[in-house]
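Reading the structure
Now for the letters of each chain:
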Amino acid sequence: MKKMQLAKILLPGGAYYELKQQENRSQSLAFLNGTLVSNGKSANGGIMSRTFLNGVWGLASSADMSLPGMEKVMKKALANAELLSAKVNKGKIVLPCNPARGEYLFFTRKQPWTTAAKIEYLKVLDNYVATKYPDLSTRQVAINQDEMEKYILTSDGGEVHSMTPRTILVVVMMATHNGEPLQHYGVFGGFGQFEDNFEDPQDLFADIDKLYKELMDKKEAVFAKGGTFECVLDAKLAGILSHEAIGHTTEADFVINGSIAGEYLDKPIANEIVTLIDIANTWDDKICPVPVFIDDEGTLAEDCVIIKDGYLRRYMHDKESAQILGQSLTGNARGYAYSDEPLIRMRNTMIVPGNDKLKDMIASIEDGYYLINPSNGQADATSEFMFGVSLGYEIKNGVLGKAIKETTISGVAFDLLKTVTMISDEMNWTAAGMCGKKQMIPVGMGGPAIKCKVNMGGKA
Amino acid sequence: MNRHTEFAQIIAKLKARGAEKVSLRVWTVSEEEFNLVYKELNLLRSVEKQGLALSVIKDQKQARTQLNQMDEASVDAAIEELMTSIESSNADPAFDISPSQEPATFTDGPMQMDAGKIVSSLSEFADEMKRDFPCVGFDATLTFMKTKDIQMNSNGVDYEVNKGYYSFNTMFTAKIGSKMSSFNYTGFALKDLDTPLMEMNETRELIRQITQQTETKPIPGNFKGEVILAPFVHGSLLVSLISQHFGDSGLITSSSRFPDHLEQKILDEKLTVWNHPRDERLACKEFVTFDNFLTADAPLIEKGVLKHYPIAIFTSNKTGKARTIGPVENLVVEGGDTALAEMISGVKEGVLCMRASFGSPNANGDLSAVLKNSYYIKDGKIRFPISETMMSVNLIDVFNRIKSLSREVYNDGTNILPYVCVMDADFSCK
């Protein structure tokens, strides 16, 4: 993306406004049973201006990435704000600010691979699966690389130019057992361009073998029993719990609209061993899956410690929610496309690892489940959640038993967190998540494994 | 220069670079989106979008690209990259584009926004919410959408579709004292704004229900019983069923349970599902499928019998099945002759499911759902709103165990669906 000279048209003083130039790029390559069914690229770029006037917002956007184009959308955004302001005049409201300036461009430093080389990489993986596991009825190997490049200027002094890439490789295996289809998949990669995530296809062979073994385990899978059980949620499930069940309830726009978390600030809501953070960009000296250094309102992005030692301590904010609730900014405002307004979005939400070993956690359960892979997740303003579980095992007398058929778990997160009794010492990030809240947006989720009580969906 | 001539030149350039078959799609979208945030008018968002998608076949290899900067230099660069990229693809005889068809232009819905009416409709909705349901927190958007979509290909296909419609969405939660409900939401597309938003579909009823749902109870115990699925719930299940077992995804991945079942009765005979893309009742009609054929009205399921596989060209060629109606765009399920109230009174023990939280059913159709905004029914009467209840069903069983379909139907502008009462669902509680 050729960066525009937006500073030339930034007008100091007056109403608060933002100017944004953005381009989202993606590449998709997918083999299905040996045929390259997807070989595509896309690029969507444009400009946006958003103005805050007397308590209301006007926004306009266009695909025309030129300075005259930007001047036109600035005028339109102001006209939109004036139109609404005439209907709902809230008087002069000053939005809080904590502006920052910076450039965060995560282009690979390695030699970029050609499309042909990436296809060849996938072909090696596909051949490996096809040759080693000829009993599969269907196999898919796919890569999606996304890049989000933004240049944002705000009238209160914020300025950021960022390029945030992520590359996800998915392997899907299907088999038939007793006339019924079985499916399993693995997701690899994360933050960075293709070259930063993948090098030699042989590096993934062991993961593919593990995936196949887990698929075969599903042949003997049993229905989970319905009801409440002690379970170990592996890191991927703990991550989705952090995001869906706790994170969303503590987004300040949900709080203003009545989320249950509004009742709990500075109150104990979890076992004291639980600390949960929405990380802005870096954890343990490593860049997180979706690093945000300065948000789309030009605000310095800070870690938001939502739960500290079992107490709810903080909500995630954009400028407007921070002004309404009189709390400090966190830098959580992000928009997905050039035409989107920033919304309060999580970045990298995680439970802080503890001191327990996974094997000890499993050994401590008499009758329960070890739940490993989530398939999807949703949560509610009450913190009631549901997650699909695509891979899990019974635990009988402290030992792993049979695999369970795909099921759903549920609970009330603020109740569940009180039942957490053990937290493992490992940390794993899931980097493939897309979160839907008016707009879709990439998010990171992470955590250790946790032992807690969960409602299992199953036969009555 | 005429835009159609310009697009034809893009196809010609690709053919000159060696492409044997080319499909092109160009679209523009303008949106005026009025937002209520925290119960007040808060944001007016004007969006202008455009895009160009190119798909080419050469030596039976396929590649695609999509861009939204449509100046000559950007398009030429995209063509160059596309024709380089296709060399690395592998060949499959199933890749193809649609054959020559008569050019056609379609125009549907309002082409001009009535901004004054949008503001007055949305303000009226906000005022009614605050007056009639003061304990309910809500956001809402009312949008005017105007789209132009041109689809052409190197076989001579040339379609243009111009559409205009309004779109309403709201999300709401009740809070009484320190107790709160789950959130719920509704949304639909509209041809005009003549009817108050609160009185359309079941908006007022859904909001009335949410005010009851700050006090919920678990079901008395685990049981097997009947479930009445609200239209928006059973619609989601129906879309999953079609995709996994009759559509491109199910057939191409060999995961369909019904791969060779045309003209066979595979679902309950009370179920008839139409692909009705041009139904006059719909605000958001579809005239052309994504694989460049005109849409067609036809039954997909008729009295439980599978009448068509709704598949696109590639799947058709790959599986050897005929492409007939193409991918389905708008579903219309014929309602029954039972009123919802009668349906409820006929349930000995069960649940009225107004929202369900679930993921994709697994490959054999099993799924568990957390029931939201839902009610326990005992001896024909709604007893109380429920909490922390899960329902386990099999997707195929759901559509094989239909007890009745409601007379009332819900028209969200793209689909028309009734309530469905289904037998033998498993319910479990905490």
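Scoring rules and cut-offs
Residues numbered from 1 in each chain as written. Chains lettered and ligands numbered in written order. Predicted model: local features only at pLDDT ≥ 70, side-chain atom pairs only at ≥ 80, totals over all residues. Heavy atoms only, no water. Helix = DSSP H or I, 4+ residues; strand = E, 2+ residues; numbered from the N terminus. Rg over C-alpha atoms; globule rule 2.2 N^0.38 Å. Buried < 20%, exposed > 50% of the residue type's maximum accessible area, 1.4 Å probe, protein only. Contact = heavy atoms within 4.5 Å. Buried area = accessible area lost by both parts, 1.4 Å probe. Salt bridge = Lys/Arg side-chain N within 4 Å of Asp/Glu carboxyl O. Polar contact = N/O pair within 3.5 Å; in protein donor to acceptor, adjacent residues only side chain to side chain. Pairing = 2+ DSSP bridges. Axes fitted to C-alpha atoms, helices over the stretch in contact; angles between N-to-C directions.

As a further point, take the overall build of chain B. Scanning chain B from N- to C-terminus turns up nine helices and 21 strands. Computed over the C-alpha atoms, the radius of gyration of chain B is 24 Å, within 12% of the 22 Å expected from 2.2 N^0.38 for a compact globule of 430 residues. Seen through its principal axes, chain B has C-alpha atoms that stretch 70 × 55 × 35 Å. Taking all 430 residues of chain B together, the buried fraction comes to 62%.

Often, the extent of an interface is quoted as the loss of accessible area on bringing the components together. Facing 85 residues of chain A, the contacting portion of chain B comprises 73 residues. Carbon and sulfur atoms supply 49% of the area buried between chain A and chain B, which totals about 6100 Å² over both sides. Where chain A meets chain B, there are eight salt bridges. Our count for the contact surface shared by chain A and chain B stands at 43 residue pairs in polar contact (both at pLDDT 80 or more). At ten residues, strand β2 (residues 35–53) of chain A tops the list of elements feeding residues into the side of chain A that touches chain B. The pairing of strand β3 (residues 56–62) of chain A with strand β2 (residues 40–58) of chain B spans four bridges and is parallel. Bridge pairing links Gly 58 of chain A to Leu 44 of chain B in β2 of chain B.

Right, let's talk about the sheet that holds strand β12 (residues 304–308) of chain A for a bit. Within a sheet, neighbouring strands are paired by backbone hydrogen bonds and run either parallel or antiparallel to one another. All names here are of chain A. Ordered by their spatial adjacency, six strands build an open sheet running β13-β12-β9-β16-β23-β22, and the pairing between neighbours is mixed. In the strand order of this sheet, the two ends are held by β13 (311–312) and β22 (428–437), each with one partner. Across two bridges, the pairing between β12 and β13 is antiparallel. Looking at the pairing, Ile 307 lines up with Leu 312 of β13. Packing of helix α5 (residues 235–247) onto the sheet brings it into contact with β9 (276–279), β12, β16 (348–351), β22 and β23 (439–447), and relative to β23 it is tilted by some 130 degrees.

Another aspect to go through is the pattern of salt bridges. Taken as a whole, this structure holds 66 salt bridges over all chains when the rule is applied. With its nearest N and O atoms 3.1 Å apart, the salt bridge here joins Asp 132 of chain B to Arg 204 of chain B. Placement of the pair is Asp 132 of chain B in helix α3 (residues 115–132) and Arg 204 of chain B in helix α4 (residues 203–212), with a sequence separation of 72 residues. Note that Asp 379 of chain B is salt-bridged to Lys 348 of chain B, the shortest N-O span being 3.8 Å. Placement of the pair is Asp 379 of chain B in the loop between β17 (375–378) and β18 (381–385) and Lys 348 of chain B in the loop between α8 (340–345) and β14 (349–353), with a sequence separation of 31 residues. The exposure class assigned to Lys 348 of chain B is exposed, which follows from its relative accessible area of 59%. Three or more residues are tied together by salt bridges with common partners; here these are Asp 340, Glu 341 and Lys 438 of chain A together with Glu 31, Glu 33, Arg 45 and Lys 49 of chain B.

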